[in-house]
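Listed below, chain by chain, are the residues.
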Amino acid sequence: MTINPDQRMYPPSRKDFISLTLSDSHSQTYNNGKHRRQSCWRDKQTMQAEQQTRTVARTCCPGWKLVLFLFKEKWKQLSRLQRSLILFLLALLLILGLLSYSSITEHWRGLSDQEDWLELNDRELKAIPPGLKPVLGQAAGKAPAPVAGPHLRSAVVPEAAGEARGPNIPILVKPPIKKKIFANKRGPPSLHKDGNVSDTVGREKQEQVVQEEEGEEEEKQKKIVSWRGAMIEADQATEPPPSANEKEAAAPPAPANPADTVPLEASPETRERLEAVCDAFRHAWKGYKDYAWGHDELKPISKSFGEWFGLGLTLIDALDTMWIMGLKEEFAEAKTWVEKDLSFNKNVDVNLFETTIRILGGLLSTYHLTGDQLFLEKAKDLGSRLMPAFKTPSKIPFSDVNIGKGTAHPPRWTSDSTLAEVTSIQLEFRELSRLTQDPQYQEAVNEVMTLVHKLPGKHDGLVPMFINTNNGQFTHKGVFTLGARADSYYEYLLKQWIQGGKTEDNLLEDYLQAIEGVKKHLVRQTGPSKLTFVGELSHNRFNPKMDHLVCFLPGTLALGAHNGLPGDHMDLAVQLMETCHQMYKQMETGLSPEIAHFSLQASDGSDVIVKPADRHNLLRPETVESLFYMYRFTKDTKYRDWGWDMLQSFNKYTKVSGGGYTSINNVRDPLSPGPRDKMESFFLGETLKYFYLLFSDDMELLSLDKYVFNTEAHPLPIWPSPPK
């Protein structure tokens with residue numbers, strides 16, 4: 001038997017089961033047994049009294065009271081479970097109604113605010129602090145300036161004395177330095193879209209108000225003293241770069257028209273050497289165009305190609321070289337490929353470092369030299385696709401990025417990244433932020449440098465070769481080299497400092513300390529001829545081994561001395577330049593091995609010792625790179641002569657008849673150097689470019705006071721010095 005809960009709470013004195021039917025002339029028949037599934041127990045006398053009460057109510061009560069009365073009667077007849085369900089549904093409807101009301105009112109309030117903002121008068125919208133003027137975009141129909149991109153946000157720059165004001169246009173303040181309002185972009189970069197102007201007006205207004213308040217706080221920050229005693233702003237080192245429009249006034253001009261880069265008034269010797277470099281480039285380009293067009297690398301012996309990332313490495317690496325040499329036809333066909341065929345929307349893993357220095361650097365430099373917006377747009381696309389590499393627990397980037405999926409990972413065999421790789425992408429990412437006015441690129445790479453600056457485990461400024469992406473700590477400690485896996489860390493310390501206007505003291509401090517560490521622990525002299533070289537240190541044990549890569553150091557030291565660093569840096573540069581020259585001169589082919597060992601004993605007959613596994617030559621640029629710097633700063637013609645000898649050796653032992661140049665296996669065997677069937681992209685991007693600049697009499701062609709070269713020889717402009 002089923003017991004109704006009402007029965008337990010209110011036990012009747014007498015119970016019967018009945019079925020009650022009510023009807024009258026004005027209402028439908030009501031049967032209390034029609035819809036109820038549970039048994040109802042009622043007292044007969046009680047039921048009769050209720051029926052009489054209903055009869056009286058129908059005849060005496062007004063209509064609305066009758067409805068209320070009947071509702072109460074029917075409500076009492078429901079079970080407790082049914083009443084609870086009805087009350088729950090009513091409460092739920094009430095809550096949903098309140099939420100809907102709140103959402104609707106907020107939406108209309110937002111629309112009202114936006115309309116109010118749009119109705120601001122022209123004077124309120126154009127309010128600009130005294131002494132400032134708006135920066136205008138490109139005029140309609142005019143070509144973009146060689147340096148500044150017309151796509152950039154509006155900015156505010158100091159007004160030059162006597163300069164006419166431009167027309168009044170709405171100006172929004174540039175994003176602040178530390179506190180910013182940016183859209184939270186997640187997922188594959190290909191999904192990131194910029195909203196329409198109409199969609200962002202309200203948000204930009206909010207940003208403007210916040211930025212004005214924060215600007216007042218930033219002005220109160222105290223100043224600090226630079227290493228030379230000059231006063232600089234405390235947050236200058238982390239400040240986003242000047243806008244592209246600010247740069248337009250102070251940036252270096254683009255090089256002369258390519259047709260005029262080999263001046264007619266040059267000496268016969270200079271013209272001969274410049275033409276020889278151009279001929280070498282054309283020969284290399286012919287092989288690439290015939291057998292590897294659009295692919296990463298040429299295999300000149302087999303007349304085929306090699307693929308690394310599938311992004312046309314050689315072609316992009318060579319763009320600015322062609323422009324500098326005045327090779328118009330070759331440049332035009334390469335540009336057409338970039339415009340029509342270069343796409344980064346590919347499911348492919350790329351190396352962050354190599355892609356940054358070769359492709360991103362190549363696109364940025366070509367944009368600066370040509371002013372063509374195409375190359376900047378490609379650079380922006382690639383830069384955004386590389387950003388997932390920085391999504392690590394330590395902010396030390398992963399080595400590999402899938403530019404199509406927007407994912408990143410370390411090598412399969414380790415969670416470490418190479419120190420040189422994570423600290424040699426800064427020039428490119430910082431410049432990308434400056435051009436796009438998007439601080440995310442610069443902030444990501446600056447954070448890496450800040451972390452490395454504070455890390456323990458250095459040895460008088462020298463750093464280990466590996467760093468862990470999980471904990472951000474050095475690994476494989478105790479091994480110090482200026483060769484592979486560490487070389488460009490030292491190079492970029494100096495070049496970032498120069499790029500940023502010599503304001504970032506941490507970079508300068510680390511560089512100066514590192515050079516002192518090099519002199520103290522790594523510099524030695526050979527026994528026979530007293531050649532100065534840079535060796536390696538492994539757990540306090542010195543190894544007289546020097547990679548060809550280390551031959552970047554003479555040029556870097558000379559660049560530092562040119563920018564006011566100690567004079568003994570230049571002395572060391574001169575000595576190391578001689579050693580790098582001897583690494584070529586003492587080989588039977590006149591070409592340097594990949595790695596050299598040096599004799600420390602005076603009784604040894606030769607300064608340079610080459611082991612069988614180290615005899616190959618990869619067409620590397622480091623020695624001619626340093627020759628270029630040394631000639632620019634000293635005007636000593638012996639550096640040009642050394643370079644000329646090297647170029648002739650490349651033509652004699654690495655040139656392939658059908659087109660292209662090949663790396664070789666044995667620099668000690670002129671009869672059988674053993675071609676390796678590979679032409680690295682940096683042969684066109686770096687080696688031949690530095691040869692051309694070395695032989696050029698035009699000191700303003702990529703002036704070292706206006707440009708800084710990345711580690712792939714792509715020139716980027718030095719930023720204007722901040723106002724004092």
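Predicted model, so just to flag it, every value in this text is computed and none were measured.

A. Expanded view of the overall build of the protein chain. Helices and strands together make up the secondary structure of the protein chain, namely 23 helices and 26 strands. Sequence-distant contacts in the protein chain: of pairs separated by 6 or more residues, those separated by 24 or more amount to 69%. For the protein chain, the exposed area adds up to about 34800 Å²; of that, 53% sits on carbon and sulfur atoms.

B. Region of the structure containing the environment of Tyr692. Within the secondary structure, Tyr692 is located in helix H23 (residues 682–695). Assessed through its relative accessible area of 0%, Tyr692 is described here as buried. As a C-alpha pair, Tyr692 and Phe628 span 64 residues in sequence and 9.0 Å in three-dimensional space.

C. Fine view of the state of the cysteines. The tally for this structure, following the rule as stated, stands at 1 disulfide. Across a sulfur-sulfur distance of 2.1 Å, Cys551 and Cys580 are joined as a disulfide pair. Negative torsions about the S-S bond denote left-handed disulfides, and the value of about -105° found for Cys551 with Cys580 makes this one left-handed. With a gap of 29 residues between them, Cys551 in the loop between strand S22 (545–547) and helix H19 (553–562) and Cys580 in helix H20 (residues 567–585) connect regions that are remote in the sequence. Pair check on accessibility: Cys551 and Cys580 agree, each one buried.

D. Spotlight on the sheet that holds S22. An order of S22-S23-S24 is seen for the 3 strands of this open sheet, with the pairing classed as antiparallel. If you trace the sheet from one side to the other, it starts and ends with S22 and strand S24 (608–609), each paired once. Both S22 and strand S23 (residues 595–598) contribute to a ladder of 3 bridges, which runs antiparallel. Within the sheet, the bridge partner assigned to Asp547 lies in S23 and is Ile595.

E. Molecular detail of the packing of aromatic side chains. Across all of its chains, the model carries 23 aromatic pairs by this definition. Here the aromatic rings of Phe533 and Phe542 are separated by 6.2 Å at their centres, their planes lie at 50°, and the arrangement is tilted. The same class applies to Phe533 and to Phe542, which are both buried. An aromatic cluster of at least three residues, connected via ring pairs, comprises Trp644, Phe650, Tyr661, Phe683, Phe691 and Phe695. Between Arg524 and the ring centre of Phe542, over which it is positioned, the NZ or CZ distance is 4.2 Å.

F. Local environment of the environment of Asn470. Here Asn470 is to be found in the loop between strand S15 (466–468) and strand S16 (474–475). Overall, the relative accessible area of 43% leaves Asn470 in the partly exposed class. For the pair Asn470 and Ser394, spaced 76 residues apart in sequence, the C-alpha to C-alpha distance is 5.5 Å.

G. Geometry of the pattern of salt bridges. One pass over the full model with this rule turns up 24 salt bridges. The shortest N-O distance in the salt bridge between Asp320 and Lys689 comes to 2.8 Å. Residue Asp320 is found in helix H10 (residues 319–325), and its partner Lys689 is found in helix H23; the two are separated by 369 residues along the sequence. Here Asp320 matches Lys689 in class, with each residue buried.

The rules behind these values
Residues numbered from 1 in each chain as written. Predicted model: local features only at pLDDT ≥ 70, side-chain atom pairs only at ≥ 80, totals over all residues. Heavy atoms only, no water. Helix = DSSP H or I, 4+ residues; strand = E, 2+ residues; numbered from the N terminus. Contact = heavy atoms within 4.5 Å. Areas by Shrake-Rupley, 256 points an atom, 1.4 Å probe, with all protein chains shown as cover. Buried < 20%, exposed > 50% of the residue type's maximum accessible area, 1.4 Å probe, protein only. Disulfide = S-S within 2.5 Å. Pairing = 2+ DSSP bridges. Phe/Tyr/Trp six-rings, centres within 6.5 Å; stacked < 30°, edge-to-face > 60°. Lys NZ or Arg CZ within 6 Å of the ring centre and 35° of its normal. Salt bridge = Lys/Arg side-chain N within 4 Å of Asp/Glu carboxyl O.

The analysis is restricted to geometry; functional conclusions fall outside its scope.
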